[in-house]
Structures are given as structure tokens and as C-alpha cells.
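Listed below, chain by chain, are the residues.
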Amino acid sequence: VQLEESGGGLAHAGGSLRLSCAGSAITEPFYDMAWFRQAPGKGREFVAVVNWSGSRTDYSDSVKGRFTISRDNAEKTVFLLMNSLKSEDTAVYYCADAATITTQLVTVPSWYNYWGHGTQVTVSS
């Protein structure tokens, strides 16, 4: 499974960015997909997850109300719209594919089997 993130870059605090994750292997059967992030010197942190159909989502408390995860299975792409960015959102953002069936949205990195290489998001205050 190949996943490739794009859309990262530099933004001012209060600004917005939209990340995309394109996966050539995001085909039926579709699985849950998530975004994680890792800041320098810190562990990988859950950001958001979307179920296989896009009907269910979950977010970390730190981004809830500001970020929106969505997916377009026809385009084999998952998105992360980030609004009201803060300096603490600065990190490398990774998308991940569970590649396994689950009935609950999972927020633990070890659950996910495939990862992209990440895209850097830097928010200046």
C-alpha cells in the first residue's frame, strides 16, 4: 500500500491548510484511515480518523472543532482540513491506513498497518 501526503507548508496562526493523502491501494474493500502527527522530540499523536465510508469520524480533543477529516473513495484520497491553526499544530503529519476491518474507530498508531512518509506543517505565531 502506497500512501503519499501533500498540502503541508507554512501557515500563520489562525490560518488554514488542507492536507491530502493519496493512496493507489485505497480500493475496495475500503478501510478506516487516520491522520497522526509528530512534533520534534515527541511521540506520534492521533489527530483524526474516518471510517471506510466517511460516515463516522473522531478527533483528538486538541483539534476538535478546528480540523475536519473526510475522504473521497472514488478519488482514493483522504483529506484533513485544518482551520484556526495554532503554533502547537506544528508537526509532521502522517496518514495511515488500517487495512483491516474494525467496528470501532481506532486512535492508536500501532493499529495502523500502512503509513505515508509525512508532510511538514509549520505554523508561525
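Above this text is the structure in question.
Residues numbered from 1 in each chain as written. Predicted model: local features only at pLDDT ≥ 70, side-chain atom pairs only at ≥ 80, totals over all residues. Heavy atoms only, no water.

A. Spatial organisation of the pairing of strand β11 (residues 119-124). Burial along β11 is one-sided: the face carrying Thr 119, Val 121 and Val 123 is buried and the face carrying Gln 120, Thr 122 and Ser 124 is not. Direction of pairing for strand β2 (residues 9-12) relative to β11: parallel, over a ladder of 4 bridges. Within β11, the residue paired with Leu 10 across the bridge is Thr 122. As paired elements, strand β9 (residues 91-97) and β11 share 3 bridges and run antiparallel to each other. Across the sheet, the residue bridging to Ala 91 is Val 121, located in β11. (Buried < 20%, exposed > 50% of the residue type's maximum accessible area, 1.4 Å probe, protein only. Helix = DSSP H or I, 4+ residues; strand = E, 2+ residues; numbered from the N terminus. Pairing = 2+ DSSP bridges.)

B. Representation of the state of the cysteines within the structure. Applying the stated criterion to the full structure yields 1 disulfide. Shown here is the disulfide that connects Cys 21 with Cys 95, its sulfur atoms set 2.0 Å apart. With the S-S dihedral at roughly 55°, the linkage between Cys 21 and Cys 95 falls on the right-handed side. Taken as a pair, Cys 21 in strand β3 (residues 17-23) and Cys 95 in strand β9 lie far apart in primary sequence, 74 residues in all. Residue Cys 21 shares its accessibility class with Cys 95, and that shared class is buried. (Disulfide = S-S within 2.5 Å.)

C. Main features of the side chain of Ser 60. Relative to the helices and strands, Ser 60 resides in the loop between β6 (57-59) and β7 (67-72). A polar atom in the side chain of Ser 60 sits 3.0 Å from the side chain of Ser 62. (Polar contact = N/O pair within 3.5 Å; in protein donor to acceptor, adjacent residues only side chain to side chain.)

D. Examining the environment of Ser 16 more closely. Mapped onto the elements, Ser 16 comes out in the loop between β2 and β3. Judged by relative accessible area, Ser 16 falls into the partly exposed class, the value being 43%. Residues Ser 16 and Glu 88, spaced 72 residues apart in sequence, show a C-alpha to C-alpha distance of 14 Å. Leave out the neighbours within four places in its chain, and Ser 16 touches Met 82, Asn 83, Ser 84 and Leu 85. In this structure the side chain of Ser 16 is engaged in a polar contact, spanning 2.7 Å, whose partner is the side chain of Asn 83. (Contact = heavy atoms within 4.5 Å.)

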